[in-house]
Amino acid sequence: LLGIIYLSTGAVYLGHRRGVPFKLLVSILIGIDIAVLTLIVHYSGGSESIFTNLYILTIFMGGFYFQVSGGLVTSLLAATAYIIYTLLELKGVVRSPEGAILFTHQNLFDSLINGYVHLAVFVSSGLISGYFSRRIVSSREILADREEKIKQIQISNDSIFRNMSSGLVVLNMEREVVSMNPAARRILSAD
């Protein structure tokens, strides 16, 4: 199963290097991850495996790359895979392999509660990761906008500094000349 994850990650890398849209590759990788995690859950004890928590990492990836909608869609895909697996296990269609640690549900009610709790955790994780991703993107946009405004102000100030007819000399705290405009150079060189 780890080999599948390594191969899929390598394929995404190669696809990205060949120009395949990155978001498409991430979407495919999320689907593969959910399928592999479902198999890991199967081989590690079924629907009550401690590895069901690994779905949250994939949900975070969906939220990180696709913000709130991606986190929500990824969480619903993970929850769907988990709930379908749980129902198949409950009906006896899927059986955990020999040697797996089993914590089987006593009845349908326990299975539904377990599925509901996982659904709530998955959806919460998707919404939270998507929200933080959106905040990060928004902060980056605000920062880029402010950097652009600072550059414009700096260009404007430099232009005023160079083109003013009065001499201007800038000193630091030690009274050393830091800069002077061309008019100040002309005035000081004339004396």
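Counting from 1, residues in each chain are numbered in the order their sequence is written. Local features are withheld for residues below a pLDDT of 70 in this predicted model, meaning they are given only at 70 or higher, and side-chain atom pairs are given and counted only at 80 or more; totals for whole chains, interfaces and linings count all residues. Side-chain numbers here rest on the full set of heavy atoms in the structure, without hydrogens or water.

### Re the packing of aromatic side chains
Thought 1: Side-chain rings of Phe, Tyr and Trp (the six-membered ring for Trp) are treated as a pair once their centres are within 6.5 Å; stacked means planes under 30 degrees apart, edge-to-face means over 60, and tilted covers the remaining angles. Tallied over the entire structure, the rule returns 5 aromatic pairs.
Thought 2: With a centroid separation of 5.5 Å and an interplanar angle of 65°, the aromatic rings of F22 and Y65 are classed as edge-to-face. Of this pair, F22 sits in helix 2 (residues 22-43) while Y65 sits in helix 3 (residues 55-90), and the two are 43 residues apart along the sequence.
Thought 3: An aromatic cluster is defined as three or more aromatic residues linked by ring pairs; in this entry it consists of F22, F64 and Y65. The numbering of helices and of strands both runs from the N terminus, where a helix is a DSSP run of H or I of at least 4 residues and a strand a run of E of at least 2.

### With respect to the packing of helix 2 against helix 3
Thought 1: Geometry is summarised by axes, namely lines fitted to C-alpha atoms with helices restricted to the contacting stretch, and by angles between N-to-C directions that run from 0 to 180 degrees. Close contact between helix 2 and helix 3 brings their axes to 10 Å; oriented N to C, the two are set at 30°. Handedness of the crossing formed by helix 2 with helix 3: right-handed. Contacts from F22, K23, V26, S27, L29, I30, D33, I34, L37, T38, V41 and H42 of helix 2 reach helix 3 at Y55, T58, M61, G62, Y65, F66, T74, L77, A78, A81 and Y85.
Thought 2: In the scheme used here, Gly and all other residues not listed as nonpolar or charged are polar, with Ala, Val, Leu, Ile, Met, Phe, Trp, Tyr, Cys and Pro taken as nonpolar and Asp, Glu, Lys and Arg as charged. Looking at the contact of helix 2 with helix 3 residue by residue, the class counts come to 15 nonpolar, 6 polar and 2 charged. Rotating anticlockwise by less than a right angle from the far helix to the near helix defines a left-handed crossing, while the corresponding clockwise rotation defines a right-handed one. Contacts are assigned to residue pairs with any non-hydrogen atoms lying within 4.5 Å of each other.

### Side note on the nonpolar core
Thought 1: We define the nonpolar core as a collection of buried residues of types Ala, Val, Leu, Ile, Met, Phe, Trp, Tyr and Cys that are connected through side-chain atoms lying within 4.5 Å of one another. For the exposure calls, accessible area comes from a 1.4 Å probe over protein chains only, and a residue counts as buried if that area is under 20% of its type's maximum, exposed if over 50%, partly exposed in between. Membership of the largest hydrophobic core comes to 21 residues, with the highest contact counts inside it found for I30, I34, Y55, A78 and F122.
Thought 2: The set of elements that each furnish at least two residues to this core consists of helix 2 and helix 3.
Thought 3: Residues within four places of I30 in sequence aside, it is in contact with T58, M61, G62, F66 and T74.

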